Amino acid sequence: MQVDGKGAVERRIAGAFKAAADATGTSFDYLVETSRKESDHRADLGSQGSSAKGLFQFVDQTWLELVRREGPSVGLERLAAEIVADGKGGWTVENPTERAKILALRADPLVSAVMAGKFTQDNARRLGEALGRAPSDGELYAAHVLGAAGATRLFRLAANEPT
């Protein structure tokens, strides 16, 4: 990400990615490239075909799960406590105002980058266990899009049915 000619927004995003990389162990370059692919570094971007929003285009359910699981470790204890299992394998927030606050955090460069870093570390662990080796950045990106289980299925299918 070039920060020299585009101003304060790019510097803020780059700073958020650096802080997230430092805090989570996810590489700065991976965060930059993933954000570029997902949103062209536009924190306000939302998908027309899904609930995906923000720099990393997290869908509502993935975001709620991340905030529930990782929020307490980054100062979001109160919001994380608002998120409860919906009894159908997903997550819900009963208070609509709180739900909106939680989902709006996808547009915050620092929060979204830290969550993306934590999500990537979890995916790296899960893929590493499934593959028996450290995953590549491309494999991590597949897990970002498909989830670790979906990416693992894809890799196994590709190995068994390369065409």
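Residues numbered from 1 in each chain as written. Predicted model: local features only at pLDDT ≥ 70, side-chain atom pairs only at ≥ 80, totals over all residues. Heavy atoms only, no water.

Asks: Any details on the overall build of the chain? Residues and values, ideally.
Replies: Counting its regular elements, the chain contains seven helices and two strands. Rg of the C-alpha trace for the chain: 16 Å, near the compact-globule value of 15 Å for 163 residues, within the 12% margin. Principal-axis analysis of the C-alpha atoms places the extent of the chain at approximately 50 × 45 × 30 Å. Here the chain, with 163 residues, has 42% of them falling under the buried criterion. Surface exposure of the chain reaches about 8900 Å², of which carbon and sulfur atoms provide 52%. Computing the positive centroid from 21 side-chain charges and the negative centroid from 22, the chain places the two 2 Å apart. (Helix = DSSP H or I, 4+ residues; strand = E, 2+ residues; numbered from the N terminus. Rg over C-alpha atoms; globule rule 2.2 N^0.38 Å. Buried < 20%, exposed > 50% of the residue type's maximum accessible area, 1.4 Å probe, protein only. Areas by Shrake-Rupley, 256 points an atom, 1.4 Å probe, with all protein chains shown as cover. Lys, Arg positive; Asp, Glu negative; His and termini not counted. Charge placed at Lys NZ, Arg CZ, Asp CG, Glu CD.)

Asks: Residue-level account of a nonpolar patch on the surface, with values.
Replies: On the surface, Val-145, Leu-146 and Leu-154 cluster together into a nonpolar patch covering about 260 Å² of accessible area. Following the sequence through the fold, Val-145 ends up in helix α7 (residues 137-160). Relative accessible area serves as the criterion here: at 49%, Val-145 is assigned to the partly exposed category. (Patch = residues over 30% accessible without salt bridge, like charges linked within 9 Å, V, L, I, M, F, W, Y side chains within 5 Å. Salt bridge = Lys/Arg side-chain N within 4 Å of Asp/Glu carboxyl O.)

Asks: Run through the nonpolar core, naming residues and quoting values.
Replies: When a protein is soluble and globular, its nonpolar side chains tend to lie buried together. Core analysis: the biggest nonpolar cluster contains 27 residues, and Phe-17, Leu-31, Phe-56, Phe-58, Trp-63, Ile-102 and Met-115 have the highest contact counts within it. A total of six residues in this core trace back to one element, the largest contributor, which is helix α6 (residues 109-131). The residues contacting Phe-56, other than those within four sequence positions of it, are Phe-17, Leu-31, Thr-34, Ser-35, Glu-38, Ser-112, Ala-113, Ala-116 and His-144. Core analysis: the second largest hydrophobic core is formed by eight residues, Tyr-30, Leu-127, Leu-140 and Ala-143 among them. (Core = buried A, V, L, I, M, F, W, Y, C linked by side-chain atoms within 4.5 Å. Contact = heavy atoms within 4.5 Å.)

Asks: Explain the pattern of salt bridges to me, and be specific about the residues and the numbers.
Replies: Throughout the structure, instances matching the rule amount to 13 salt bridges. Close ionic contact of Arg-42 with Asp-44 constitutes a salt bridge, the shortest N to O distance being 3.5 Å. Take Asp-44: its relative accessible area is 63%, and that puts it in the exposed class. Among the charged side chains, a salt-bridge network with shared partners connects Glu-65, Arg-69, Glu-70 and Lys-118.

Asks: Could you give an account of helix α2 (residues 28-39), naming the residues involved and the relevant values?
Replies: Here α2 is 12 residues long and its end C-alpha atoms lie 16 Å apart, about the 16 Å a rise of 1.5 Å per residue gives. For α2, the full list of buried residues reads Tyr-30, Leu-31, Val-32, Thr-34, Ser-35, Glu-38 and Ser-39. Count one or two residues on from α2 and you reach Asp-40, which has phi positive near 55°. (Expected span 1.5 Å × (residues − 1).)

Asks: Explain helix α3 (residues 60-70) residue by residue, including any values.
Replies: Every buried residue belonging to α3 is among Asp-60, Trp-63, Leu-64, Leu-66, Val-67 and Glu-70, and all of these are buried. One side of α3 holds all its buried residues, which, seen down the axis, span an arc of 160°. Against α4 (77-82), β1 (83-85), β2 (91-93), α5 (96-104) and α6 lie the buried residues of α3. (Arc of directions from axis to C-beta.)

Asks: Explain the packing of aromatic side chains to me, and be specific about the residues and the numbers.
Replies: As enumerated under the stated definition, the model contains four aromatic pairs in all. Between the aromatic rings of Phe-56 and Phe-58, the centroid separation amounts to 6.4 Å while the plane-to-plane angle is 40°, which identifies the pairing as tilted. For Phe-56, a relative accessible area of 1% corresponds to the buried category. Three or more aromatic residues joined by ring pairs make a cluster, and in this case those are Phe-17, Phe-56, Phe-58, Trp-63 and Phe-119. Sitting over the face of the ring of Tyr-141, Lys-37 holds its NZ or CZ atom 4.5 Å from the ring centroid. (Phe/Tyr/Trp six-rings, centres within 6.5 Å; stacked < 30°, edge-to-face > 60°. Lys NZ or Arg CZ within 6 Å of the ring centre and 35° of its normal.)

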